[in-house]
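# Observations on chain architecture
Here are the chains, one letter per residue:
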Amino acid sequence: MSGLPTLRATLAASMQDVWRVWRARQPRERYLLGIGAVILMLLLIWLLLIDPALTARSRWQQTLPVWRSQLAHLRALAAEMAALPPPAASSMPAVELSRAVLGRSLHDKGLEAEYLTFSENRVSAQFSNVPFAALAEWLQQMQLSAGLIVNESNIVMRDLPGRVDAQLTLQRVQ
């Protein structure tokens, strides 16, 4: 606490020195320095606050319509997938799930899972930056060939059109 009064005294002395130097200047010098200080403050406000906000606003105005069209496309694909009839229980083939079968089916669709685990009735997979259309085709293939339906999903669109990150949990229809 003893440092605080010393700091105050030092700041007060510094301010008195600045004020003394300011008062010693000619009125025309003080006027020109004041105008320079105002211009400098306006420039700093422009560079630090206004210009970044305007730049971000124009960037969002350009990217928002693209994102909206991507969202509409993804919603249409999701609605199309939801409209597919569920497979009949009697037509379910008894495909044995294995890492090789899953890997081959992913490779056939041009997909590569970052994370893939499976058990007898459940498959969990994580994909990064994959085409949504290929992912939807793979899910449809898994539904038809292995009787796996999506139990949980988290699909996030990427910056590129039609590309997504996905975390999926598929479960075998009982």
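Before going into details, it helps to say that this report is about the structure given with it. (Residues numbered from 1 in each chain as written. Predicted model: local features only at pLDDT ≥ 70, side-chain atom pairs only at ≥ 80, totals over all residues. Heavy atoms only, no water.)

### As for the pairing of strand 2 (residues 122-131)
Sheet analysis places strand 1 (residues 115-118) next to strand 2, joined by four bridges and oriented antiparallel. If you follow threonine 117 over to strand 2, its bridge partner there is serine 124. Counting the residues between successive antiparallel strands, the hairpin from strand 1 to strand 2 contains three residues. Taken together, the eight bridges between strand 2 and strand 4 (residues 163-172) define a ladder with antiparallel strand orientation. Residue pairing across strands places glutamine 126 opposite glutamine 167, the latter belonging to strand 4. (Pairing = 2+ DSSP bridges. Helix = DSSP H or I, 4+ residues; strand = E, 2+ residues; numbered from the N terminus.)

### A closer look at the pattern of salt bridges
The tally for this structure, following the rule as stated, stands at four salt bridges. Here arginine 20 makes a salt bridge to aspartate 17, at a shortest N to O gap of 2.8 Å. Placement of the pair is arginine 20 and aspartate 17 together in helix 1 (residues 3-24), with a separation of three residues, close to one helical turn. According to the relative accessible area criterion, arginine 20 is exposed, its value standing at 51%. You can call aspartate 17 partly exposed: its relative accessible area is 39%. (Salt bridge = Lys/Arg side-chain N within 4 Å of Asp/Glu carboxyl O. Buried < 20%, exposed > 50% of the residue type's maximum accessible area, 1.4 Å probe, protein only.)

### Examining the layout of surface pockets
Estimates place the volume of the largest pocket at around 400 Å³. Counting residues per element, the ones that place at least two in the lining of the largest pocket are helix 2 (27-83), helix 4 (132-146) and strand 3 (148-157). Class assignment for the residues of the lining of the largest pocket results in 17 nonpolar, three polar and one charged. (1 Å grid on protein atoms, 1.4 Å probe; cavity = no way out; pocket = protein on both sides within 12 Å on 5 of 7 lines; lining within 4 Å. Points joined across faces, edges and corners; volume = space filled by probe spheres on them. Nonpolar A, V, L, I, M, F, W, Y, C, P; charged D, E, K, R; others polar.)

### So, unusual backbone geometry
Positive phi, normally seen in glycine, also occurs at asparagine 129, with a value near 55°. A relative accessible area of 27% means that asparagine 129 is categorised as partly exposed.

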